[in-house]
Amino acid sequence: MRHMRRPIAVLAGLALLPALATATPAAAEVADPASEAVAAPPLAGEVANEAAAAQPDAEVGSAAEVTPPSGDEQWRGYWVDAFNRGIYDADQVATLVADATSLGANVLVVQVGRRFDCFCNDALYPRTDAAIAPAPYDPLAEIVEQGHAAGLEVHAWVNATTLWNSATPPTSPEHAFNAHGPSAQGADRWLNKRVDGTELVGANAFIDPAHPAAVDYVAEAVASITAAYDVDGVNLDYIRYPDYNTGELVNDWGYSETSLARFAAETGRTDVPAPDDAQFSDWRRDQVSALVRKVYVAMYGVDPSDRLSINGITYSYGPATYGSFEASRPYANVMQDWKGWLDEGIVDTVTAMNYKREWNLDQARMFAEWNQALVDYRAGRHVVSGPALYLNEVEDSVAQAEQVVALGLDGWMGYSYANPSLTATPAGQDVKDAERAELTQALRSGVFADDVVVPEMTWRTEPTTGLLSGNVDVRHGGVADQVDVVLHPVGRTPGEPVVVRTDGSGWFGAVDLAPGRYRVQVVEEGATGTSSTHVRVRAGEVADVDVRVRSLR
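Rules used in this analysis
Residues numbered from 1 in each chain as written. Predicted model: local features only at pLDDT ≥ 70, side-chain atom pairs only at ≥ 80, totals over all residues. Heavy atoms only, no water. Phe/Tyr/Trp six-rings, centres within 6.5 Å; stacked < 30°, edge-to-face > 60°. Helix = DSSP H or I, 4+ residues; strand = E, 2+ residues; numbered from the N terminus. Buried < 20%, exposed > 50% of the residue type's maximum accessible area, 1.4 Å probe, protein only. Lys NZ or Arg CZ within 6 Å of the ring centre and 35° of its normal. Disulfide = S-S within 2.5 Å.

## Thoughts on the packing of aromatic side chains
Then, number 1: With the rule as written, the count across this model stands at 28 aromatic pairs.
Then, number 2: Seen from their ring centres, Phe325 and Tyr377 are 5.8 Å apart, and the 80 degrees between their planes marks the pair as edge-to-face. One end of the pair, Phe325, is in the loop between α8 (319-322) and α9 (329-333); the other, Tyr377, is in the loop between α11 (361-376) and β10 (382-387), with 52 residues separating them in the sequence.
Then, number 3: The exposure class assigned to Phe325 is buried, which follows from its relative accessible area of 1%.
Then, number 4: An aromatic cluster is defined as three or more aromatic residues linked by ring pairs; in this entry it consists of Trp79, Trp157, Tyr355, Tyr390 and Tyr415.
Then, number 5: In this structure, Arg114 packs its charged tip against the face of Phe83, placed 4.3 Å from the ring centre.
Then, number 6: Taking NZ or CZ as reference, Lys339 lies 5.2 Å from the ring centre of Tyr377, over its face.

## Re unusual backbone geometry
Then, number 1: Of note, the bond from Ala135 into Pro136 is cis; its omega dihedral lies within 30 degrees of zero at 20 degrees.
Then, number 2: Mapped onto the elements, Pro136 comes out in the loop between β3 (107-113) and α3 (139-149).
Then, number 3: Note that the residue after Tyr415, namely Ser416, is joined by a cis bond; omega there is 10 degrees.
Then, number 4: Inspection of the secondary structure puts Ser416 in the loop between β11 (411-414) and α13 (429-444).
Then, number 5: Positive phi, normally seen in glycine, also occurs at Phe116, with a value near 60 degrees.
Then, number 6: Relative to the helices and strands, Phe116 is located in the loop between β3 and α3.
Then, number 7: Non-glycine residue Ser316 carries a positive phi angle of around 60 degrees.

## Observations concerning the state of the cysteines
Then, number 1: Tallied over the full model, the rule gives one disulfide.
Then, number 2: Shown here is the disulfide that connects Cys118 with Cys120, its sulfur atoms set 2.3 Å apart. Residues Cys118 and Cys120 are joined through a disulfide that is right-handed, its torsion about the S-S bond being 115 degrees. Just as Cys118 is buried, Cys120 falls in that class too.

As structure tokens, this is what we get:
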């Protein structure tokens with residue numbers, strides 16, 4: 001009997017409730033880019049020599065030694081944040097599309113979900129309070145229409161855990177901050193809490209990824225966007241625990257009443273775990289992974305052709321310096337296991353926020369190390385490096401693009417469209433436009449001279465495996481939270497039994513299952529009346545199943 005590569009959960013019967021929608025930038029993913037130029041930890045083993053050689057003038061992964069992506073496939077695009085010009089009215093959208101086509105871009109990742117609001121009119125998230133053109137103007141519908149007409153893919157960028165960031169509350173009473181923020185009590189309160197009791201950092205509020213109702217809401221809201229709009233995918237940002245921690249390899253968050261109660265129920269512990277407690281850290285990391293899994297399966301059930309990408313953290317040095325991904329800051333500092341998500345197959349693409357200054361020797365090394373990590377951890381999915389245009393002048397951004405292409409990564413995505421260079425970032429619109437034109441000319445005359453298409457997701461277009469989404473119903477009441485469920489292949493179905501685990505709503509899910517029949521049964525210790533159910537899994541489809549248990553102790 002084998003366990004899935006990471007604890008698993010599946011999504012059955014998520015209600016797709018129409019409403020309204022919003023968006024936010026990935027710039028905030030780097031708490032302070034300058035803070036990344038910290039002293040390197042001791043180099044680990046044989047990778048030390050490789051990392052030490054990874055200076056900007058050492059041609060890490062030189063073109064002579066690597067193979068670029070085959071054929072004419074290469075992800076090429078911009079992150080388009082919703083705090084700046086881009087989609088506030090139809091004229092801005094037209095300019096955005098023209099600028100993207102001039103670059104030879106094929107993807108626009110457009111922020112529509114900033115802080116549980118939406119730059120759209122028809123989603124579970126309420127319509128944004130930002131100063132966009134009045135309804136019936138719909139920013140997401142407009143960029144989809146104009147982008148597709150120009151041959152561009154459009155991906156909806158959604159911040160997963162950032163709830164609000166203003167002293168003035170949102171106007172919609174349906175906004176999650178108003179319904180589940182500081183005024184809410186008990187299980188209705190979705191706020192994450194730091195070990196010192198802090199819930200708001202300034203005006204910044206975050207949801208707790210361990211809160212079952214918050215997780216369900218995010219998954220339903222994302223699925224509502226893909227159901228209502230002809231997007232080509234969703235890009236999840238802030239899919240992690242918050243910053244504002246006391247150390248670089250520890251996370252101080254996850255201390256809401258709901259989180260601590262669920263952790264205690266799972267482990268039997270009665271103490272309040274310390275932030276660096278290994279068991280608590282693994283458990284919190286699994287909560288984020290369960291959210292990603294739930295979104296992936298929900299999206300697949302709505303439209304199997306839609307891509308799920310996540311913005312991967314690359315704080316400080318890469319695994320080559322720290323010795324492993326599990327020792328690096330994304331995994332230890334913000335509880336984001338994007339390597340594990342690639343391995344499990346619950347993301348299609350990691351768009352790494354590789355925000356480093358090429359003109360700084362330490363940060364150039366960081367950039368190279370994380371690019372190599374993307375290659376190493378690809379696991380049959382797509383990996384895209386996302387340089388920080390706003391931290392570099394045009395010459396250095398071109399050098400970083402050349403490194404990305406030479407190393408054979410699946411693509412490049414610049415952050416951001418609004419601020420295309422270090423010079424442009426503090427400047428007015430005329431300078432920003434001029435810098436973007438200069439960047440475009442420099443890239444198109446060299447590394448981006450040829451037109452390319454977005455890499456095909458063959459695991460979706462030519463599927464050989466299927467997915468499963470299920471719920472455990474408890475007859476005598478209660479929720480089947482953190483319960484083991486076994487999937488037994490039946491008859492000629494190949495493979496070993498697979499053990500998955502329910503999330504806080506009793507949902508479980510699995511991906512990459514061999515087609516065939518499975519017997520599904522709860523195997524949790526202390527469960528009674530665990531009748532089994534049979535389900536057929538088909539390639540390229542999500543199979544739904546409900547299993548019952550009389551009671552859980």
